[in-house]
Amino acid sequence: MNKLSIMLKGLIKENPVFVLVLGTCPTLAVTDSVSRALGMGLSAAAVLICSNIVISALRNIIPDKVRIPSYIVVIAGFVTVIQMLLHAYLPSLYEALGTYLALIVVNCIILGRAEMFASKHNVVDSALDGLGMGLGFTLALFMMGTVREVFGAGSFFGYEIPGLSHYTVSILTQAPGGFMVFGILIAVVNKITKGKALKKKEFGCAGCPSYAVCGKKTETEKEADR
Amino acid sequence: MKELLVIILASVFVNNYVLQKFLGICPFLGVSKKLDQATGMGIAVTFVMLVATAVTWPIQTYVLESLEIEYMQTIVFILVIAALVQFVEIVLKKYMPSLHKALGVYLPLITTNCAVLGVTINNVKDEYGFAQSMASSLGCGLGFLLAMVLFSGVRSRVDNSASIPESFKGIPSTLLAASIVSMAFFGFSGVIDNLFA
C-alpha cells in the first residue's frame, strides 16, 4: 500500500470523527475553546502514534487471547506519560483538560486502530496510520472548537474578534451547543459528500472497531438465538 | 446525610454525566433506541459504577497514596475496572442467572465506558470520602439511567419522523435531539442549592 495514502486516509476519507463517528466523548466535551480542542487532539494523536508503534512491534509476541488487555496496558502507559509531561511543562493545559486527559485511555479511536491496523501491519505503516488518524482527530476537534469559540464566545484562541464579541451565542460554548454543532457538522459533511462518506447511519456497537472482539457481538447473537 | 443527598441530587440533575459532562456518549447514542434496552444499560452502568467505586476508593487511599505512586492511577484504575467487569459477569452467571440474563449483554460494553472510569477519577479529584464517593457514583449512575430513559422516548419519535431532510437523517438528527434534551436539563441548575438553602 502507498505510504502516503495510509497517512492521508485518516485525515479526510476515513476521518475518525466525522466519517467513522468514533471518540464522540472528547469531541463534544473539550471543544468549547480552540486551545482545549487542539491540546486534546494533539495529546490523543501522540498517544495513538506511540501505542500504534509499540503494539505493531509486539504484534507477534502478544498472545491472541490476552491482546485487548495488553493493548489497554500499553495505551494507559502512554497516557500516563503524556499526563506527566503536560503536568510538568504545560500545567495550564493540564488543568484545562482535567479528567478528559486520563480518559484518552478509553478513547475508542486508539483501541480501534490498535485492533484494526497496528496488530496487522508493520511498524512504519502503523506509525503513519497513527499520524494520519491522530491528525484527522485533531483537525475535527479544531473545526468543532473554531465554530464553537468564534460564534459562542466571539474569540479565537482566546483573542477577541472585533465586531463579533458583542453578538455571541453563548449556548454554543455550553453542553447543548456541543451536540448541536456536532450534529450540524456531520450533516454538512453528509451534504458535501452526498452521503457517500457516511454510509454508516447508526451509532452503536456495529460501528465500533472493537465490536468483533469486545464480546458484545457473540452475546447478542446468543440472545437472539434464544 | 443531607450532604450525601445533595451530592446524589446534584449529580443526577445538575452535573448529569451524559448531558452536561459528555461522558458515556457511545452507549447513550447507541443503546437508546428501545426503552427496555436503555433501562437495562442504565441499571448495568449504575451497578458497575457502584462496584468500581467500592473497589477503587480503597485502592487509591490505602495503596496508591500510602506508597506515593498516584501517577499510576490511570493504569491501575482501568485494569481494575476491566477485571472487575469480567469478575462480576462470571459471578452473576454462576449465582444469579436471571440477573445475568437481564444485564449480561451490557457488561462487556461497560469495560471501556468512559463514564465508569470518569466517575472513579472524579471522586478522587473531588477528594470525597468513601460514603461521599458511593453517593456520587449512585447519583451519576441514576443520572445516566434517567438520561437514557428520557432520550429513548425522544428517539422513538425522532427516528419515525418522515420530514427530516436527507443529510440530517440518522446521526445528525439524533445529536440535535440530544442537544434539546440537554437544554432541558439547564432548568435544573440552581434548583439543588435553593432546595437545601
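A short note on the overall build of chain A
When you go through chain A residue by residue, the secondary structure sums to 10 helices and 2 strands. Counting over 226 residues, chain A shows a buried share of 50%. Of all intrachain contacts in chain A linking residues separated by at least 6 positions in sequence, the fraction that spans at least 24 positions is 73%. When the accessible surface of chain A is totalled, it reaches about 10200 Å², and 67% of it is carbon and sulfur.

Let's talk about the packing of aromatic side chains
Using the criterion set out here, one finds 9 aromatic pairs over all chains in the structure. Taking the centre distance of 6.3 Å and the plane angle of 80° together, the rings of phenylalanine 142 of chain A and phenylalanine 156 of chain A count as edge-to-face. Here phenylalanine 142 of chain A, found in helix α8 (residues 123-153), pairs with phenylalanine 156 of chain A, found in strand β1 (residues 155-156); they are 14 residues apart in sequence, far enough to count as distant. Arranged with centres 4.6 Å apart and planes meeting at 40°, the rings of phenylalanine 13 of chain B and phenylalanine 188 of chain B form a pair that is tilted. You can see phenylalanine 13 of chain B sitting in helix α1 (residues 2-14) and its partner phenylalanine 188 of chain B sitting in the loop between α9 (171-186) and α10 (191-195), a full 175 residues away along the chain. We classify phenylalanine 13 of chain B as partly exposed; its relative accessible area is 23%. Here a set of aromatic residues connected by ring pairs shows up, and it is made of Phe142, Phe156 and Phe157 of chain A.

Some words on unusual backbone geometry
The bulk of non-glycine residues show a negative phi, and the bulk of peptide bonds are trans. Residues and elements named next belong to chain B. Residues other than glycine seldom take positive phi values, yet phenylalanine 22 does so here, at roughly 55°. Mapped onto the elements of the fold, phenylalanine 22 is located in the loop between α1 and α2 (25-30). Of note, the phi angle at glutamate 127 is positive, near 55°, even though the residue is not glycine. Within the element layout of this structure, glutamate 127 appears in the loop between α7 (114-125) and α8 (130-159). Residue class for glutamate 127 comes out exposed when judged on its relative accessible area of 70%.

With respect to the confidence of the model for chain A
Residue and element names in this part refer to chain A. Per-residue confidence for chain A gives a mean pLDDT of 80, with 85% of residues at or over 70. Put simply, helix α10 (residues 216-225) is where chain A has its lowest mean pLDDT, 42, and helix α3 (residues 34-57) is where it has its highest, 92. Low pLDDT (under 50) marks residues 201-210, which in the prediction has 28 contacts with non-local residues, meaning those over four places away or in another chain. Scored below 50 in pLDDT, residues 212-226 makes 15 contacts in the model with residues more than four places away or belonging to other chains.

Looking at the interface of chain B and chain A
Opposite the 45 residues of chain B that make contact, chain A presents 47 residues. Of the roughly 4000 Å² buried where chain B meets chain A, counting both sides, 77% is carbon and sulfur surface. The tally of links from chain B across to chain A stands at 0 salt bridges. Our count for the contact surface shared by chain B and chain A stands at 4 residue pairs in polar contact (both at pLDDT 80 or more). Counting only elements with at least two residues in the side of chain B that touches chain A, the list comes to α2, α4 (73-95), α6 (107-110), α7 and α9 of chain B. The biggest single contributor to the side of chain B that touches chain A is α9 of chain B, with 10 residues. Of the residues assigned to the side of chain B that touches chain A, the class counts are 25 nonpolar, 12 polar and 8 charged.

Here we look at a nonpolar patch on the surface
Residues and elements named next belong to chain A. Judged by side-chain polarity, Val81, Leu85, Tyr89 and Leu90 come together as a nonpolar surface patch covering roughly 420 Å² of accessible area. Residue position: tyrosine 89 is located in helix α4 (residues 67-89). By relative accessible area, tyrosine 89 is classed as exposed at 66%.

Here we look at the nonpolar core
Counting 100 residues, the largest nonpolar core has Phe18 of chain A together with Phe28 and Leu117 of chain B as its most contacted members. With residues up to four places along the chain from it excluded, the contact list for phenylalanine 28 of chain B reads Val18, Leu19, Ala147, Met148, Phe151 and Ala178 of chain B.

Notes on the packing of helix α1 (residues 3-11) of chain A against α8 of chain A
Residue and element names in this part refer to chain A. Remark: α1 packs on α8, axes separated minimally by 6 Å, with the N-to-C direction vectors making an angle of 25°. On the basis of the axis angle, α1 is roughly parallel to α8. When the axes of α1 and α8 are compared, the crossing they make is right-handed. Residues Lys3, Ile6, Met7, Lys9, Gly10 and Leu11 of α1 pack against Asp125, Leu128, Asp129, Leu131, Gly132, Met133, Leu135, Gly136 and Leu139 of α8. When its residues are assigned to classes, the contact of α1 with α8 shows 8 nonpolar, 3 polar and 4 charged.

Focus: the environment of glutamate 3 of chain B
Residue and element names in this part refer to chain B. Tracing the backbone shows glutamate 3 in helix α1. In this structure glutamate 3 comes out as partly exposed when scored by relative accessible area, which is 47%. As a C-alpha pair, glutamate 3 and tyrosine 71 span 68 residues in sequence and 30 Å in three-dimensional space.

What counts and how
- Every chain begins its residue count from 1, and numbering advances along the sequence as written.
- Lettering of chains starts at A and numbering of ligands starts at 1, both following the order in which they are written.
- Since the coordinates come from a predicted model, pLDDT governs what is reported: local features require at least 70, and pairs of side-chain atoms require 80 or more to be given and counted, while whole-chain, interface and lining totals use all residues.
- Note that the side-chain values use all heavy atoms of the structure and ignore hydrogens as well as water.
- Working definition: helices are DSSP H or I runs of at least four residues, strands are E runs of at least two. Numbering for both runs from the N terminus.
- Each residue is placed in one exposure class: buried if its accessible area under a 1.4 Å probe, protein chains only, is under 20% of its type's maximum, exposed if it is over 50%, and partly exposed if it falls in between.
- In this description, contact between two residues means that some pair of their heavy atoms is separated by no more than 4.5 Å.
- Here, Shrake-Rupley sampling with a 1.4 Å probe gives the accessible areas, and only protein chains in the shown set may cover a residue.
- Two aromatic rings, drawn from Phe, Tyr or Trp (for Trp, its six-membered ring), form a pair once their centres lie within 6.5 Å of each other, and the interplanar angle then sorts them: stacked below 30 degrees, edge-to-face above 60, tilted otherwise.
- As a per-residue measure, pLDDT tells how confident the predictor is, with possible values from 0 to 100.
- When two parts are put together, the accessible area they lose, computed with a 1.4 Å probe and summed over both, is reported as buried area.
- The rule for a salt bridge is simple: a side-chain nitrogen of Lys or Arg has to be within 4 Å of a carboxyl oxygen of Asp or Glu.
- Polar contacts, as used here, are pairs of N or O atoms within 3.5 Å; protein pairs need one atom able to donate a hydrogen and one able to accept it. Residues neighboring in sequence count only if both atoms are side-chain atoms.
- The nonpolar class holds Ala, Val, Leu, Ile, Met, Phe, Trp, Tyr, Cys and Pro. Asp, Glu, Lys and Arg form the charged class, and all remaining residues, Gly among them, are polar.
- Two distance rules govern patches: like charges are joined within 9 Å, and nonpolar side chains (Val, Leu, Ile, Met, Phe, Trp, Tyr) within 5 Å, applied only to residues with over 30% relative accessible area and no salt bridge.
- Grouping buried Ala, Val, Leu, Ile, Met, Phe, Trp, Tyr and Cys residues that are joined through side-chain atoms within 4.5 Å yields what is termed a nonpolar core.
- Structural elements are reduced to axes, namely lines fitted to C-alpha atoms, with helices fitted over the stretch in contact, and the angle between N-to-C directions of any two is expressed from 0 to 180 degrees.
- Any angle that falls under 35 degrees is termed roughly parallel, while one over 145 is termed roughly antiparallel, one within 65 to 115 roughly perpendicular, and all others oblique.
- Here is the rule for handedness: rotate from the far helix to the near one, and if that takes an anticlockwise turn smaller than a right angle the crossing is left-handed, while a clockwise turn gives right-handed.

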